[in-house]
Amino acid sequence: QVQLVESGGGLVQTGGSLRLSCAASGISVSANDMGWYRQAPGKQREMVAHTVTLGSPVYVGSVKGRFTISRDNAKNTVYLQMNSLKPEDTAVYYCNTILPRYDYWGQGTQVTVSS
C-alpha cells in the first residue's frame, strides 16, 4: 500500500521561503520519477516540478529558478525548496508519481503567501 504524506506548508510573506517534504512508504522515490503538484482555489491541479531518475529535474516555467526539487533516498522522501515566494504560489501542494495515480494522492499541505 502506497502512502505519500506531505508536510511543511504554512503562511509566509511575499519573498519568503518554505521547504515541503513528501514522506513515501510502499514506493521507492529513487526508482520512480516523483512530482510536486499544486492546486489553487478554483483552478486545476498542475505539476510544478518532477524528478528525473537519470537526468535533471524539470520545472514549470512559473517556478523555474525559485523552486528546487530533491530527494533523500535513505529517508525515501522528496523535498520542494521554495524561495522568493509569490502570492500566486498560494495553493495546496501534493506529491505523486509523474503519471499520477488517484490512489496515491495524500492530504496535501497548504501554502499561503501573503502580499
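Okay, so let's go over this structure. In this text the structure is predicted, and so the values were computed from the model without any measurement.

Observations concerning the pairing of strand β9 (residues 91–97)
Counting buried positions along β9 yields seven of seven residues, so the element is predominantly enclosed. Sheet topology places strand β4 (residues 34–39) next to β9; six bridges connect them, and they run antiparallel. Directly across from tyrosine 37, in β9, lies its bridge partner tyrosine 94. Where β9 and strand β10 (residues 109–114) come together, three bridges link them in antiparallel fashion. Pairing of valine 92 across the sheet is with glutamine 110, part of β10.

Observations concerning the packing of aromatic side chains
Applying the stated criterion across every chain yields a total of two aromatic pairs. Taken together, a centroid distance of 5.1 Å and an interplanar angle of 80 degrees make the contact between tyrosine 37 and tryptophan 105 edge-to-face. A residue pair is termed long-range when its members are at least 10 positions apart, and tyrosine 37 in strand β4 and tryptophan 105 in the loop between β9 and β10 qualify at 68 residues. Looking at tyrosine 37, the relative accessible area reads 6%, which means it is buried. Taking the centre distance of 5.7 Å and the plane angle of 80 degrees together, the rings of tyrosine 94 and tryptophan 105 count as edge-to-face. With tyrosine 94 in strand β9 and tryptophan 105 in the loop between β9 and β10, this residue pair connects regions lying 11 residues apart in the sequence. By the ring-pair criterion, three or more aromatic residues cluster together here, those being Tyr37, Tyr94 and Trp105. Positioned above the aromatic ring of tyrosine 79, the side-chain terminus of arginine 19 is 3.9 Å from the ring centre. When the ring centre of tryptophan 105 is taken as origin, the NZ or CZ atom of arginine 45, which lies over that ring, is 4.0 Å away.

Conventions we followed
Residues numbered from 1 in each chain as written. Predicted model: local features only at pLDDT ≥ 70, side-chain atom pairs only at ≥ 80, totals over all residues. Heavy atoms only, no water. Buried < 20%, exposed > 50% of the residue type's maximum accessible area, 1.4 Å probe, protein only. Helix = DSSP H or I, 4+ residues; strand = E, 2+ residues; numbered from the N terminus. Pairing = 2+ DSSP bridges. Phe/Tyr/Trp six-rings, centres within 6.5 Å; stacked < 30°, edge-to-face > 60°. Lys NZ or Arg CZ within 6 Å of the ring centre and 35° of its normal.

Taken by themselves, the reported measurements are silent on function.
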